Structures are given as C-alpha cells and as structure tokens.
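Structural characterization, general
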Amino acid sequence: MGRHPWQDDETLYAGSARYYGTGRMAYPDDLVAAVRGQLGLDGAGRLLDVGCGPGSLTLLLAPLFEAAVGVDADGDMVAEARRRAAAVGITTIDWRRLRAEELPAGLGEFRVVTFAQSFHWMDQPLVARRVREMFTADGAWVHVHATTHRGVDGDDPLPQPRPPWDRVDDLVRHYLGPVRRAGRTVLPDGTQSGEEEVMRQAGYAGPARIDVGGGQVVTRSADDVVASVLSLSSSAPHLFGDRLPAFEADLRGLLDAASPAGLFSERTREVGLVIWRP
C-alpha cells in the first residue's frame, strides 16, 4: 500500500459516532501508565488529540494534563465527545470541529499531540509539518496503533463463541461490493502507509516503541458487534442508504445463528505506541 490521493470527505464516518461507545473495545488500562512513564508527565502542559473521534483516547489521557483539546472533522463525533465528557464530569477538554490540515488554527502549544487510528486518513506530510510547529520544548508526538473493533483471530477456547467475522465481512461485501468503501470513494489498496518516512522527512527524531495490553478476554453482546461494524468507515451507516435496515437484520440473523445466547468472547489485541520527538 502506498499513498492514496485522499481528499477531505466529511462523509467518511457519517452516522458512525453513536456506535463507537459500544462498538469499539476500550483502550487497555496500562496505556495511561505507559504514556505517563515514557514521557515523564507530571500533570503540566496541554494535550492535543487529532482525529479524536468521540474522545475515546482524549478522555483517557486528559487527566494527565492541565488541559486538553480534541479535534475532529466530523461534527457528530465532536458532539458525541462532548456528551461523553459531560457524562463523566471532565471539563478540561476543549472540543473543536476541525480538519487536521487546518492546524495550527491558533490553538497554541502542546506538550503531547496524539493520533489514534487517524493519521492514515490525513494529508500526512502537511499535517506532520504543521504539527511540528505546535510543540513545547519537551513535546512528543504519539501514534496509537490499535484495532479496537475486533479481537485477535484464533481457535483457542473462550467462554463464548467468537464473532463470525469472516461471514460478517462477506455480508458487508454482499451489500457494498467487493472493494473497500470509504466515504465517497473506494480503497482497493487499503489506507495509506509510509508513516515513518513521512515523519523523518518532516524532521522528527525516533521513534520509541511500546506495546501495551493484549490478550484480555472480553464478552461482547450482539448489539456490541453490530455497533462495531457500523462504527467503521468501510461499513458506515450512510453507505447502505435505504438498505441499512435490511443489512442490520441480516447481520443480526447471522450473529444469532453463531450464538443463540447473543454473547460473544474476544481476546483483545496489543496496542502500539510509537513516539516521535520534534
């Protein structure tokens, strides 16, 4: 996979925001300790989470800083992030609807800038250059590489059946076609790669790498699995149009056949932290 000619597309995750809370598994508890320890955080400074979605990572890391800013191009994601922050009483985060390519956007300086499952959707060289202007002297850029919508494939025994992901993928292809969808376009070769080259060319040093979590067994309901599918850019609700109710009915039928009790088990994947210094 190389660099795709990605253009701004506000439909990329249209309709997905409300499914994130149950559709994506939580980041592991030791992620916070790893970030704090690796970066020597002491409660000072500000956090910027770019492509924050509904704030899953922002809310987790914000208590490590004086204040935080979460930015996302999808207005529904920003609204969901605000709702989730209010629900847990976190008031130190400023949520902005903003494309990463519009940075620095007068937001000021930050001790840490994070990108969680988001950088591959951006104009990477442009964003890397612009963000490099936004760090304090002790700043760090943190990529969070994770797959949180589904667990590890395997055949080891678990308390409940694994979700039938191969059949779920086949069902999505039946409705949306054989080539991966993404907003208004398709991605026959997947999302863009070459992140390390981009970072080095933009003048960053590193990286340091840490893996956290992985291997925990979690129980997920059929509703959780349906939400995980609809939280993806490749199967976002808007892509199905007026066939969305039929797709969801077929998906639920497939899941019911796999686990009549409506419960599934998955083993979580490791999360990779890749840290660059400007």
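Our subject is the structure listed above.
Conventions adopted
- Throughout, a residue's number is its position along its own chain's written sequence, starting from 1.
- Whole-chain, interface and lining totals are the exception, using all residues; otherwise, since this is a predicted model, local features are given only for residues with pLDDT of at least 70 and side-chain atom pairs are given and counted only at 80 or more.
- To obtain the side-chain values, all non-hydrogen atoms of the structure were used and water was disregarded.
- Runs of H or I in DSSP of at least four residues are treated as helices and runs of E of at least two as strands, each being numbered from the N terminus.
- Here a helix's expected span is defined as the number of its residues, less one, multiplied by 1.5 Å.
- Accessible area is worked out with a 1.4 Å probe on protein chains only. A residue is then buried under 20% of its type maximum, exposed over 50%, and partly exposed in between.
- It is the directions from the helix axis to the C-beta atoms whose arc is reported.
- The contact rule is simple, with two residues in contact once any of their heavy atoms fall within 4.5 Å.
- N or O atoms within 3.5 Å of each other form a polar contact, as long as, within protein, one can give a hydrogen and the other can take it, and as long as residues adjacent in sequence are counted only when both atoms are side-chain atoms.
- For helices, the axis comes from a line fit to the C-alpha atoms of the stretch in contact; other axes are also lines fit to C-alpha atoms, and the angle between any two N-to-C directions lies between 0 and 180 degrees.
- Any angle between 65 and 115 degrees counts as roughly perpendicular, while under 35 counts as roughly parallel, over 145 as roughly antiparallel, and the rest as oblique.
- By definition, any crossing whose near helix is turned counterclockwise from its far helix by less than a right angle is left-handed, and any crossing with a clockwise turn is right-handed.
- Stacked, edge-to-face and tilted labels apply to pairs of Phe, Tyr and Trp rings (six-membered ring for Trp) whose centres lie within 6.5 Å, assigned for plane angles under 30 degrees, over 60, and everything in between, in that order.

As a further point, take helix 4 (residues 75–87). For helix 4, which comprises 13 residues, the first-to-last C-alpha distance of 18 Å matches the rise-based estimate of 18 Å (1.5 Å per residue) to within 8%. Turning to helix 4, its buried residues number three or more, namely Met77, Val78, Glu80, Ala81 and Ala85. One side of helix 4 holds all its buried residues, which, seen down the axis, span an arc of 160°. Along helix 4, exposed side chains directed more than 90 degrees from the buried face belong to Ala86 and Ala87. Packing partners of the buried residues in helix 4 comprise helix 1 (20–23), helix 3 (56–61), strand 2 (67–72) and strand 3 (93–97). The residue sitting at the N-terminus of helix 4 and contributing the capping side-chain oxygen is Asp74; that oxygen lies 2.8 Å from the backbone nitrogen of Asp76. Within two residues after helix 4, Gly89 carries a phi angle of roughly 75°, on the positive side.

Counting through the fold element by element, Met122 comes out in the loop between strand 4 (110–116) and helix 5 (124–132). On the basis of relative accessible area, Met122 is assigned to the buried category, the value being 8%. With 98 residues separating them along the chain, Met122 and Arg220 place their C-alpha atoms 31 Å apart.

This paragraph deals with the packing of helix 8 (residues 222–230) against helix 9 (residues 244–258). Where helix 8 contacts helix 9, the two axes come as close as 10 Å, and the packing angle between them is 135°. Classified by the angle between their axes, helix 8 and helix 9 sit oblique to one another. The crossing of helix 8 and helix 9 is right-handed. Judged by residue contacts, Ala222, Asp223, Val225, Val226, Val229 and Leu230 of helix 8 engage Leu244, Phe247, Glu248, Leu251, Arg252 and Leu255 from helix 9.

Attention now moves to the packing of aromatic side chains. The tally for this structure, following the rule as stated, stands at 10 aromatic pairs. Ring plane angle 70° and centroid distance 5.3 Å describe the contact between Phe115 and Phe119, whose orientation is recorded as edge-to-face. Just as Phe115 is buried, Phe119 falls in that class too. What links up through ring pairs into an aromatic cluster is the set Phe115, Phe119, Phe135, Trp141 and Tyr204.

Burial analysis of helix 8 places eight of its nine residues in the buried class, the great majority of the element. If you follow the buried residues of helix 8, they end up packed against helix 1, helix 6 (165–176), strand 9 (217–221), helix 9 and strand 10 (263–267).

These figures come from the coordinates and say nothing about function on their own.
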